[in-house]
Amino acid sequence: MPVRHVLAIDQGTTSTRAIVFDDTGRPVASAQKELPQIFPKSGWVEHDPEEIWSATVEVCRGALAKAKLDPKALAGIGITNQRETTIVWDRATGKPIHNAIVWQDRRTADRCTVLKNDGHEKLFTDRTGLLLDPYFSGTKIAWILDHVAGARAAAEKGALAAGTIECFLLWRLTGGKVHASDATNASRSLLLDIRKGTWDAELMKILGVPASMLPKVVDCSGELGVADAKILGAAVPILGMAGDQQAATVGQACIKPGMVKATYGTGCFALLNTGSIAVHSRHRLLTTIAYQLDGRRTYALEGSIFIAGAAVQWLRDGLKLIEKSSDVEKVAAAARDGHGVYMVPAFVGLGAPHWDPEARAAILGLTRDSGPGEIAAATLDSVCYQTRDLLEAMRGDGAQIDELRVDGGMVVNDPLMQRLADTVGTPVERPEVTETTALGAAFLAGLAAGLWPSLEALSETWVLDRAFKPAEDSAARDRRYAGWKDAVRRVRSG
Ligand SMILES: Nc1ncnc2c1ncn2[C@@H]1O[C@H](COP(=O)(O)OP(=O)(O)O)[C@@H](O)[C@H]1O
Ligand SMILES: O=P(O)(O)OC[C@H](O)CO
């Protein structure tokens, strides 16, 4: 039998990637393009949808060329994406009517406060598993309708379509034939009843989002559409779709209840598989759809940290302390032991478990002998402490966590992974393939193409690269963590 291949598109916050995987789940070739960030105002973050589209086409063609693969030979395409980032476009022309509003954007914080003050939070949390925070896509759609001239009237007439990035890419790839969002992406909108898997009319009314704009909600694996032959040189079926954190959960083979993964990219997102039960968190974690296959939903508890690798980017671009992200390793290695410096990276507020959009970042505990080493080390430590916040919340909700599977751009940093294990007091496991987000999308497409018979068969392809065992004594670990909690208290807005 000839080897079969799947093309995974991973449209992330800072870059767009395409990776060709073979039928053993190994990456064969890839192409990547950086995505420019647009910061129109303090707390606002946008992307240009046309840039996202042209980069997607470019990297798909690039990866296929590097793999020397005829697109006709592809078994299918899997799409995964930065979640919540919202686009509204004209159905007739396919043109967006505003830049994409990115998940990190805080412009709808006031709207969320009003909704909370009006007593709506419980209803939203019960139905959607989310909290009233500007992070999610629903208030972003409403903002575009309220701020682009003529948009609301056009939406009421059914002339506009709304969607997150996977939905926009599916629309463009299929030449405007399919307007659909998979259940995982739809579950991040504040508009989906996650137990029924359908849009909720009452929530749409409260947010002011007309039903006519919303995509059809579909499974994560199946015949989702066919890419127009003009785009890649052959009509290729699109067979998989999931938000990037959910795709990483699949790519990490966290398919049994109790398994947890954390992905360290721009932000950090930890997902705990809770099986067929949508667990309601008592510790301000989100309840979300991990994947939907054959109409059956598997749920997860999620802890979302807005700034992880982005803090390293700030050391590079804001402070100019380092030239490239990986330089942080040697700068941090120079930090004094027990330096007592904490950095709380609340650049866009704080996510789980605090949900404080007004908090702002701070570096605390500086003394005359603090320098770049201490600041770099405190920045990396913040990623570890934030992870501990999430694992404690998950344990508080009844989870027994024996190990943490990690992936994403930051996990190449060995000392950071050791520090993470020391800080959370749980073994940290890094797989051989750390492109687990794209791998998850490839798996979902490969399931529909018949490359793999089941999720269980996929989990056998997961191979450990290295396990980091906690080595610090627990009293020292807890002392450091108490200092972090104090630092967080000091940056909170209320
Ligand atoms: N050696 C390193 N140590 C710490 N952080 C790193 C290192 N190398 C890259 N990073 C960070 O990892 C992030 C990139 O991860 P990636 O998974 O590509 O992000 P995303 O998918 O969110 O765009 C960047 O924020 C970068 O600063
Ligand atoms: O682009 P990433 O990898 O930082 O992921 C973004 C998340 O999906 C936002 O919820």
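Residues numbered from 1 in each chain as written. Chains lettered and ligands numbered in written order. Predicted model: local features only at pLDDT ≥ 70, side-chain atom pairs only at ≥ 80, totals over all residues. Heavy atoms only, no water.

## Topic: the overall build of the protein
Looking only at helices and strands, the protein has 17 helices and 23 strands in total. For 494 residues, the compact-globule estimate of 2.2 N^0.38 gives 23 Å, and the C-alpha radius of gyration of the protein, at 22 Å, lies within 12% of that figure. Projecting the C-alpha coordinates of the protein onto the three principal axes gives extents of approximately 60 × 60 × 40 Å. Within the protein, buried positions represent 62% of all 494 residues. Sequence-distant contacts in the protein: of pairs separated by 6 or more residues, those separated by 24 or more amount to 71%. For the protein, the accessible area works out to roughly 18400 Å², and carbon and sulfur atoms hold 52% of it. Computing the positive centroid from 56 side-chain charges and the negative centroid from 59, the protein places the two 2 Å apart. (Helix = DSSP H or I, 4+ residues; strand = E, 2+ residues; numbered from the N terminus. Rg over C-alpha atoms; globule rule 2.2 N^0.38 Å. Buried < 20%, exposed > 50% of the residue type's maximum accessible area, 1.4 Å probe, protein only. Contact = heavy atoms within 4.5 Å. Areas by Shrake-Rupley, 256 points an atom, 1.4 Å probe, with all protein chains shown as cover. Lys, Arg positive; Asp, Glu negative; His and termini not counted. Charge placed at Lys NZ, Arg CZ, Asp CG, Glu CD.)

## Comments concerning the UniProt feature "binding site: glycerol" (unreviewed entry) in the protein
Here the UniProt feature "binding site: glycerol" (unreviewed entry) sits at Arg83, Glu84, Tyr135, Asp244 and Gln245. Looking at the secondary structure, you find Arg83 in the loop between strand S5 (74-81) and strand S6 (86-90). Residue class for Arg83 comes out buried when judged on its relative accessible area of 2%. Side chain to side chain, Arg83 and Tyr135 meet in a polar contact 3.1 Å long. Ignoring sequence-local partners within four residues, the contact set of Gln245 consists of Arg83, Lys261, Thr263, Phe269 and Leu271. (UniProt positions renumbered as here; feature names shortened; annotations may be inferred. Polar contact = N/O pair within 3.5 Å; in protein donor to acceptor, adjacent residues only side chain to side chain.)

## Structural notes on the site of ligand 2
Taken together, Gly12, Thr13, Gln82, Arg83, Glu84, Trp103, Tyr135, Asp244, Gln245, Thr266, Gly267 and Phe269 make up the full set of residues near ligand 2. Between ligand 2 and Arg83 there is a distance of 3.0 Å, counted from an oxygen atom to a side-chain nitrogen or oxygen. Between ligand 2 and Gln245 there is a distance of 3.4 Å, counted from an oxygen atom to a side-chain nitrogen or oxygen. Bound to the protein, ligand 2 loses 92% of the 310 Å² it would expose on its own. The residue makeup of the shell around ligand 2, split by class, is three nonpolar, six polar and three charged. (Near = heavy atom within 4 Å. Nonpolar A, V, L, I, M, F, W, Y, C, P; charged D, E, K, R; others polar.)

## Re the site of ligand 1
In the vicinity of ligand 1 lie 17 residues, with Thr14, Thr266, Gln313, Ser325 and Gly409 positioned nearest. At 3.0 Å from an oxygen atom of ligand 1 is found a main-chain nitrogen or oxygen belonging to Gly309. Glu329 places a side-chain nitrogen or oxygen 3.1 Å from a nitrogen atom of ligand 1. Element by element, the count of residues in the shell around ligand 1 is highest for helix H11 (residues 309-317), at four residues. Class assignment for the residues of the shell around ligand 1 results in five nonpolar, 10 polar and two charged.

## Notes on helix H4 (residues 137-147)
Burial within H4 is extensive, with nine of its 11 residues counted as buried. Considered for burial, the residues of H4 that qualify are Ser137, Gly138, Thr139, Lys140, Ile141, Ala142, Trp143, Ile144 and Leu145. Along its buried surface, H4 packs onto S6, strand S7 (100-101), helix H2 (109-117), helix H5 (151-156), strand S8 (160-164) and helix H8 (201-207).

## Structural notes on the pairing of strand S3 (residues 27-34)
Two faces belong to every sheet, and in a regular strand the side chains alternate between them. Pairing of strand S2 (residues 15-22) with S3, which is carried by seven bridges, proceeds in the antiparallel orientation. For Ile19, the partnering residue across the bridge sits in S3 and is Ser30. In this antiparallel pair of consecutive strands, S2 and S3, the connection spans four residues, and Gly25 shows a positive phi of 80 degrees. (Pairing = 2+ DSSP bridges.)

## Re the sheet that holds strand S23 (residues 464-468)
One key point about sheets: their strands pair by backbone hydrogen bonds, in either a parallel or an antiparallel sense. Taking strand neighbours across the sheet as the criterion, the seven strands line up as S17-S18-S16-S15-S21-S22-S23 in an open arrangement whose pairing is mixed. Unpaired on one side and paired on the other, strand S17 (286-293) and S23 mark the two borders of the sheet. The sheet shows a mean angle of 30 degrees between the axes of neighbouring strands, direction not considered. Pairing analysis gives seven bridges linking strand S16 (residues 268-275) to strand S18 (residues 296-305), with the strands arranged antiparallel. Directly across from Leu272, in S18, lies its bridge partner Leu301. (Axes fitted to C-alpha atoms, helices over the stretch in contact; angles between N-to-C directions.)

## Quick word on the pattern of salt bridges
Applying the stated criterion across every chain, the model contains 36 salt bridges. One salt bridge in this structure joins Asp414 and Arg466, with 3.1 Å as the shortest N-O distance. In this pair, Asp414 is assigned in helix H14 (residues 414-424) and Arg466 in strand S23, connecting sequence segments 52 residues apart. For Arg466, a relative accessible area of 37% translates into the label partly exposed. (Salt bridge = Lys/Arg side-chain N within 4 Å of Asp/Glu carboxyl O.)

## Concerning the pairing of strand S1 (residues 5-11)
Within S1, seven of the seven residues are buried, which leaves the element mostly enclosed by the surrounding structure. Of the two faces of S1, the one holding His5, Leu7, Ile9 and Gln11 and the one holding Val6, Ala8 and Asp10 are both buried throughout. With seven bridges connecting them, S1 and S5 associate as parallel partners. Considered in S5, the bridge of Val6 is made with Gly76.

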